[in-house]
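Spelled out from the first residue to the last, the chains are:
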Amino acid sequence: MAKLFQAVRGMNDALPADTPLWAGVEATLRDILVSYGYQEIRLPLVEKTELFARSIGTVTDIVEKEMYTFNDRNGDSLALRPEGTAGCVRACIEQGLLRNPMQRLWYGGPMFRHERPQQGRYRQFHQIGVEAFGMAGPDIDAELICMTARCWQRLGVQDVALELNSLGTREARAAYRERLVGYLESRREDLDEDSRRRLHSNPLRVLDSKHPAMQAIIAEAPVLLDHLDLESRQHLDRLQEFLSAVGITYTLNTRLVRGLDYYSKTVFEWVTGRLGAQGTICAGGRYDGLVEQLGGAEIPAVGFAIGLERLIALLGSDGYTGLDQSPQAYLVMVGEQAERRGLILAETLRNAWPALHLQFNCSGGSFKTQLKRADRSRAQWALILGQEEIDSDTIAIKFLREAQEQTTLPMAALDDFLRDHLPQPTQ
Ligand code: ATP
Ligand code: MG
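Rules and cut-offs
- Residues numbered from 1 in each chain as written.
- Chains lettered and ligands numbered in written order.
- Predicted model: local features only at pLDDT ≥ 70, side-chain atom pairs only at ≥ 80, totals over all residues.
- Heavy atoms only, no water.
- Core = buried A, V, L, I, M, F, W, Y, C linked by side-chain atoms within 4.5 Å.
- Buried < 20%, exposed > 50% of the residue type's maximum accessible area, 1.4 Å probe, protein only.
- Helix = DSSP H or I, 4+ residues; strand = E, 2+ residues; numbered from the N terminus.
- Contact = heavy atoms within 4.5 Å.
- Near = heavy atom within 4 Å.
- Polar contact = N/O pair within 3.5 Å; in protein donor to acceptor, adjacent residues only side chain to side chain.
- Areas by Shrake-Rupley, 256 points an atom, 1.4 Å probe, with all protein chains shown as cover.
- Nonpolar A, V, L, I, M, F, W, Y, C, P; charged D, E, K, R; others polar.
- Phe/Tyr/Trp six-rings, centres within 6.5 Å; stacked < 30°, edge-to-face > 60°.
- Domains from an automatic or database assignment.
- 1 Å grid on protein atoms, 1.4 Å probe; cavity = no way out; pocket = protein on both sides within 12 Å on 5 of 7 lines; lining within 4 Å.
- Points joined across faces, edges and corners; volume = space filled by probe spheres on them.
- Axes fitted to C-alpha atoms, helices over the stretch in contact; angles between N-to-C directions.
- Left-handed = near helix turned anticlockwise from the far one by under 90°.
- Pairing = 2+ DSSP bridges.

A. How the structure looks around the nonpolar core. Counting residues in each nonpolar core, the largest one holds 47 residues, and the members touching the most others are Cys88, Phe133 and Leu184. Of all the secondary-structure elements, those providing two or more residues to this core are helix H2 (49–56), helix H3 (61–66), helix H4 (85–94), strand S5 (103–112), strand S6 (124–133), helix H6 (170–186), helix H8 (215–219) and helix H10 (290–293). Ranked by the residues each element gives to this core, the list is headed by H4, at five residues. Those residues within four positions of Cys88 in sequence are excluded, and the remaining contacts are Ile41, Leu43, Leu105, Tyr107, Glu131 and Phe133. Residues Ala132, Leu236, Val302 and Ile306 belong to the second largest nonpolar core, which totals 45 residues.

Structural data, given as structure tokens:
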């Protein structure tokens, strides 16, 4: 039978079978960001369209063709956020957060882009991102990269490599831009339609083209790294020294330009060959001009965003199981008295043991039915309360996952059992 409703194309449900992976990844990333002294900021999913046009740039894939833009009832043009940086900078300026000369922030949540859905590319996807404001040197760039490397290490991510480049200062880029336009003009006949259009509006983006026919042309283009200004050169050199000092390996990728307009100096991506064409799991860089461009002071900034779908796909293929959220115990109750006592027992246990995940049998059912439900709940133990147990003030424990004999304990000994078997609180 055809389903009456289907989800919007490119917008996915995360089902109970998947959410342990999400929860595990999110908890690990959050712990690491917090351990580096980053504070969470929560931002609206919707902003004025103009904010994204101004920050991301009008001649970018995102603004030209990927944004979910609509007029609200007042006639204001709004957009679902395609990324987090613009909203974060807007909030920092508007709320005066940048009066604090240095800010380290992180955020997470869904982003929306109207792209062609395929493996690793969706219309609603999720990022965890970081923005650091007020620090101009390569030390903070190194900190961000160290932090991402620690995320991969803690999660056990395999086969990711760091690619690094510098886009130089605005002035250096302007000089390079002229050379690049000259070169691209000379190959005008061979350019694809998008690249021809961008030849004058945003020629650097031509280097970011994914069009197969463009790859040979891009390979022969002049290299920005060869035309860096002294300041950016030194910035990059020191960043490389920092990375070597902590043993983080990388390759310089002179073609790495990133799809957004606002970057300057450092840009980086963490890339894997194991996710097909959508191999970038994290992308970031420095955007020293953006705060001013959005109406704030001249404040340097650097950030990155991790694409959670891609990270989770990579981890899932390596057997990562994430954060187990199944209950430890399932309370089986047989007989009228047991049913009456059961809810009180369940609530008493929950009061005493906040770490206990206990599922309570609802809708009655035979002993066999309840045990089946207990098994399906993925619980470790069935706690069994029947008339016999009520009469003798005991409780039976059936081990559902290990080959261990069922046992009956005095009710008063249940606390000892839980003390021995529940995971210890971590703090
Ligand atoms: P791509 O080149 O793959 O389109 P991008 O440069 O557009 O990436 P960013 O804007 O830098 O991506 O976003 C940071 C990260 O967010 C990406 O590296 C990727 O992991 C993830 N991401 C971006 N777009 C999508 C999408 N449509 N679906 C899933 N993940 C995405
Ligand atoms: Mg993209």
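Structure shown, so let's carry the discussion forward.
B. Structural view of the site of ligand 1. Around ligand 1, the structure places 16 residues, and the nearest of them are Arg113, Glu115, Arg121, Arg258 and Thr280. Contact between ligand 1 and Glu115: a nitrogen atom at 2.6 Å from a side-chain N or O atom of the residue. When ligand 1 is considered free in solution it has 580 Å² of accessible area, and contact with the protein chains removes 91% of it. Broken down by element, the shell around ligand 1 gets its largest block of residues, three residues, from strand S10 (residues 280–286). Among the residues forming the shell around ligand 1, the class breakdown is six nonpolar, four polar and six charged.

C. Summary view of the packing of aromatic side chains. This model, assessed by the stated rule, comprises five aromatic pairs. Note on Phe133 and Tyr287: the rings are 6.4 Å apart at their centroids and 85 degrees apart in plane angle, and the pair reads as edge-to-face. Of this pair, Phe133 sits in strand S6 while Tyr287 sits in the loop between S10 and H10, and the two are 154 residues apart along the sequence. Neither residue differs from the other here; Phe133 and Tyr287 are each classed as buried. A centroid spacing of 5.1 Å and a plane angle of 75 degrees characterise the contact between Trp381 and Phe417, whose relative ring orientation is edge-to-face. Here Phe417 lies in helix H15 (residues 414–421) and Trp381 lies in strand S14 (residues 381–385), a separation of 36 residues in the sequence. Linked through ring pairs, Trp381, Phe399 and Phe417 together constitute an aromatic cluster.

D. Representation of the environment of Trp270. In this structure, Trp270 sits in strand S9 (residues 264–271). Along the sequence, Trp270 and Leu162 sit 108 residues apart, while their C-alpha atoms lie 4.6 Å from each other. Sequence-distant contacts of Trp270, that is, excluding residues within four places in its chain, are made with Ile145, Thr148, Ala149, Trp152, Val160, Ala161, Leu162, Ile248, Gly279, Thr280, Ile281 and Cys282. Here Thr148 takes part through its side chain, which lies 2.9 Å from a polar atom of the side chain of Trp270.

E. Expanded view of the domain arrangement of the protein. Per the domain assignment, the segments of the protein are domain 1 (19–169 + 229–317) and domain 2 (329–421). The distance between the C-alpha centroids of domain 1 and domain 2 comes to 48 Å.

F. Structural context of empty space enclosed by the protein. By the definition in use, this model includes one cavity of 30 Å³ or more. One number sums up the size of the largest cavity: a volume of about 30 Å³. The wall of the largest cavity is formed by Leu43, Pro44, Glu47, Phe52, Arg81, Glu83, Gly84 and Gly87. Residues that form the lining of the largest cavity fall into these classes: three nonpolar, two polar and three charged.

G. Focus on the packing of H6 against helix H7 (residues 193–201). The contact between H6 and H7 brings their axes to 10 Å, and the two run at 145 degrees. Where H6 crosses over H7, the handedness of that crossing is left-handed. In contact with Arg177, Val181, Leu184 and Glu185 of H6, H7 contributes Leu199, His200 and Ser201. Its residues assigned to classes, the contact of H6 with H7 shows three nonpolar, two polar and two charged.

H. Quick peek at the sheet that holds S10. Sheet architecture is open: eight strands sit in the order S1-S5-S6-S11-S10-S9-S7-S8, paired in mixed fashion. The sheet terminates laterally at strand S1 (39–40) and strand S8 (251–252), the two strands that pair on one side only. Direction of pairing for S10 relative to strand S11 (residues 301–307): antiparallel, over a ladder of five bridges. By the bridge assignment, Gly284 is partnered in S11 with Phe304.

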